[in-house]
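As a plain string of letters, each chain reads:
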Amino acid sequence: MSGPLPRPLPHDALTLDAIRTCLEGVIPGTIATADAEGTPNVSQLSQVHYVDPGHIALSYQFFNKTRANILANPDAQLEVIDPATGAQYRLRLAYLRTETDGPLFESMKAKLSGIASHVGMAEVFRLRGADLFRVVAIEAVPGGCPLPAPVRPRSLLSAVRRACEGLRGAADLSDLLDRAIAALRNLFGVEHALILLPDAASGRLFTVAALGYEAAGRGSGIGWEVAPGDGVIGMAARERVPIRITHMTTDVAYSMAMREGTAAAVAREIPFPGLDRPHSQLAVPILAHYLTHPGACGELAGVLFVESAQEMRFTYDDEDALATLAAQLGALMRGLPPAHGAETEEAPTPAVTPPAIGDPITVRHYASDDSVFLDHDYLIKGVAGAILWKLVRDHTALGRTDFTNRELRLAPDIPLPDLAENLEARLILLQRRLADRCGCLRIEKTGRGRFRLVVEKPLRLEEMS
């Protein structure tokens, strides 16, 4: 949202930031409006959306009395309740405008869909617009005996500081991703998370790091893909804003289970590893900013996604903390030395691997989308699939085990885009996908821009039309 900053409030005045827990939607807010003649109307709200310290937004779903009054008389009064303490607050509002597209609208639309899915009324609760209000004043409602505020299990500010310090020591992109996942687990108490990077060739995002899904029997999630605009992850990527849902069901999670297509097409998808019944989800875009364009929104470098079976697991404070972590990730991704830069001068250490013995592995390649199957099980596709196919062909025909990133970039049969090739991310994806699915075929790094294909069983290659 653009426009002038809100006027500073007196130092002892209540601020919207101080009462953000009241806007989580656990207890519906109550809004009072009046028509042009002054006749009042009171109704409850399903969603109050925090925009910034001086503004909130309300969902416009129906043209009801409240909506008609706001258009006729922009002044309104909103009463909200803190779900943890029971404290009540009264906000004086001034209606500014209604937004029907853009980041604010899409963020509210995603959250409203999560709420509506609980009762199977997603179409009925379709968002028509986001009504933007300026917060004129906030006052505590006198009376009552509010409970003491609950103590958080951890300090998010300390967690952010320690996480950012830990990220700065990363040697390369793979190490950076591992450090970020470790920080989510150890410092933020997150149990399920994904980090996805964009693919310039297809426009989709693919998962390169994951936390917690193998223990839940969902597979690691490495290699799972999502399109911009699809689910909370795709929406965060497309709109470049965090998308947070505090209570939801699997109905709104993703449309992956309802994809249409042939059986072969379905077989070439890695299933979404997420929880069956998530009740809290938060997707934060990772943006890479350029010093030469300080006013730009930033290039999308990835998405950080966390979820939980616990309702209200991720609050506004968690959103702020993980957005800060994502910003640090974006800055470091841009500054890391590329692994596909100049290779080391010395020759790689000779491979010391056991001979390939046992039953052969059938590696099947489909040229139409560069998908690769191992013994009839789908492994990977796209650029990473083309890389793997080149490696196994050279190994089978020439006995090669050692390769360089430079030769992959120059190989005519690997469809790297001219811009934003992100070869290192493809190699990380391939390395981790092989580690997940096939212990007898793996990739090991041997130096800057160098790696080794380790083959422990004979390979039988099949090229499919």
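Just so it is clear, the structure is predicted and the values come from calculations on it, not from any experiment.

Visitor: What is the right way to read the overall build of the protein chain from this model?
Guide: In terms of regular secondary structure, the protein chain is built from 10 helices and 20 strands. Taking all 465 residues of the protein chain together, 49% fall into the buried category. Long-range pairs, those at least 24 residues apart, make up 70% of the contacts in the protein chain between residues at least 6 apart in sequence. As displayed, the protein chain offers around 22100 Å² of accessible surface, 54% of which is attributable to carbon and sulfur atoms.

Visitor: Help me out: how do you make sense of the sheet that holds strand 13 (residues 299-308) in this one?
Guide: Within a sheet, adjacent strands bond to each other through the backbone by hydrogen bonds, running parallel or antiparallel. The strand order 10-9-8-13-12-11 describes an open sheet built from six strands, whose pairing is antiparallel. Of all strands in the sheet, those with a lone pairing partner are strand 10 (225-226) and strand 11 (243-245), marking the two edges. This element, helix 4 (residues 173-186), spans strand 8 (192-198), strand 9 (205-211) and strand 13 of the sheet and lies at about 50 degrees to strand 9. In the packing of helix 10 (residues 423-437) onto the sheet, contacts are made with strand 8 and strand 9, and the angle to strand 9 comes to roughly 50 degrees.

Visitor: Before we go on, may I ask you to explain the packing of helix 3 (residues 156-167) against helix 4 in this structure?
Guide: Axes are the key here: two packed helices are described by the angle between their axes and the distance separating the axes. The N-to-C vectors of helix 3 and helix 4 enclose an angle of 160 degrees; their axes lie 9 Å apart at closest approach. The angle between helix 3 and helix 4 falls in the class roughly antiparallel. Between helix 3 and helix 4 lies a crossing of right-handed hand. Every residue of helix 4 that contacts helix 3 at Ala163, Gly166 and Leu167 is listed here: Leu176, Arg179, Ala180 and Ala183. Among the residues making up the contact of helix 3 with helix 4, the classes are represented as five nonpolar, one polar and one charged.

Visitor: What should I look at first to understand the packing of aromatic side chains in this one?
Guide: Geometry of an aromatic ring pair is reported as the spacing of the ring centres plus the angle between the planes. Considering all chains together, one arrives at six aromatic pairs under this definition. An angle of 70 degrees between the planes, with centres 5.6 Å apart, marks the rings of Phe373 and Tyr378 as edge-to-face. Take Tyr378: its relative accessible area is 11%, and that puts it in the buried class. Feature note: the residues Tyr366, Phe373 and Tyr378 constitute an aromatic cluster, connected by ring pairs. The residue whose ring lies beneath Arg20 is Tyr50, and the NZ or CZ to ring-centre distance is 4.9 Å.

Visitor: Would you mind going over the environment of Arg364 with me for this structure?
Guide: In this fold, Arg364 is placed in strand 14 (residues 361-366). The spacing of Arg364 and Glu462 is 98 residues in sequence and 4.7 Å in space, taken between C-alpha atoms. Residues in contact with Arg364, not counting those within four places in the same chain, are Ser371, Val372, Phe373, His376, Glu462 and Met464. A distance of 3.0 Å separates the side chain of Arg364 from the side chain of Glu462, its partner in a polar contact.

Visitor: Even after reading the chapter, I still don't get helix 3, so can you show me in this structure?
Guide: Turn by turn, an α-helix covers 3.6 residues, leaving residues three or four places apart pointing in a common direction. Across its 12 residues, helix 3 extends 16 Å between first and last C-alpha, which sits within 8% of the 16 Å expected from 1.5 Å per residue. Looking at the packing, one finds that the buried side of helix 3 touches helix 4 and helix 7 (316-335).

Visitor: Would you explain the pattern of salt bridges in this entry?
Guide: Working definition: two side chains of opposite charge can pair if their charged atoms are close together. Across all of its chains, the model carries 27 salt bridges by this definition. The salt bridge involving Glu79 is made with Arg90; its shortest N-O contact spans 3.4 Å. Of this pair, Glu79 sits in strand 5 (residues 75-81) while Arg90 sits in strand 6 (residues 88-99), placing them 11 residues apart in sequence. In the salt-bridge network here, residues are joined through shared partners; they are Lys390, Asp394, Arg400 and Glu407.

Cut-offs used in this document
- Residues numbered from 1 in each chain as written.
- Predicted model: local features only at pLDDT ≥ 70, side-chain atom pairs only at ≥ 80, totals over all residues.
- Heavy atoms only, no water.
- Helix = DSSP H or I, 4+ residues; strand = E, 2+ residues; numbered from the N terminus.
- Buried < 20%, exposed > 50% of the residue type's maximum accessible area, 1.4 Å probe, protein only.
- Contact = heavy atoms within 4.5 Å.
- Areas by Shrake-Rupley, 256 points an atom, 1.4 Å probe, with all protein chains shown as cover.
- Pairing = 2+ DSSP bridges.
- Axes fitted to C-alpha atoms, helices over the stretch in contact; angles between N-to-C directions.
- Parallel < 35°, antiparallel > 145°, perpendicular 65-115°, else oblique.
- Left-handed = near helix turned anticlockwise from the far one by under 90°.
- Nonpolar A, V, L, I, M, F, W, Y, C, P; charged D, E, K, R; others polar.
- Phe/Tyr/Trp six-rings, centres within 6.5 Å; stacked < 30°, edge-to-face > 60°.
- Lys NZ or Arg CZ within 6 Å of the ring centre and 35° of its normal.
- Polar contact = N/O pair within 3.5 Å; in protein donor to acceptor, adjacent residues only side chain to side chain.
- Expected span 1.5 Å × (residues − 1).
- Salt bridge = Lys/Arg side-chain N within 4 Å of Asp/Glu carboxyl O.

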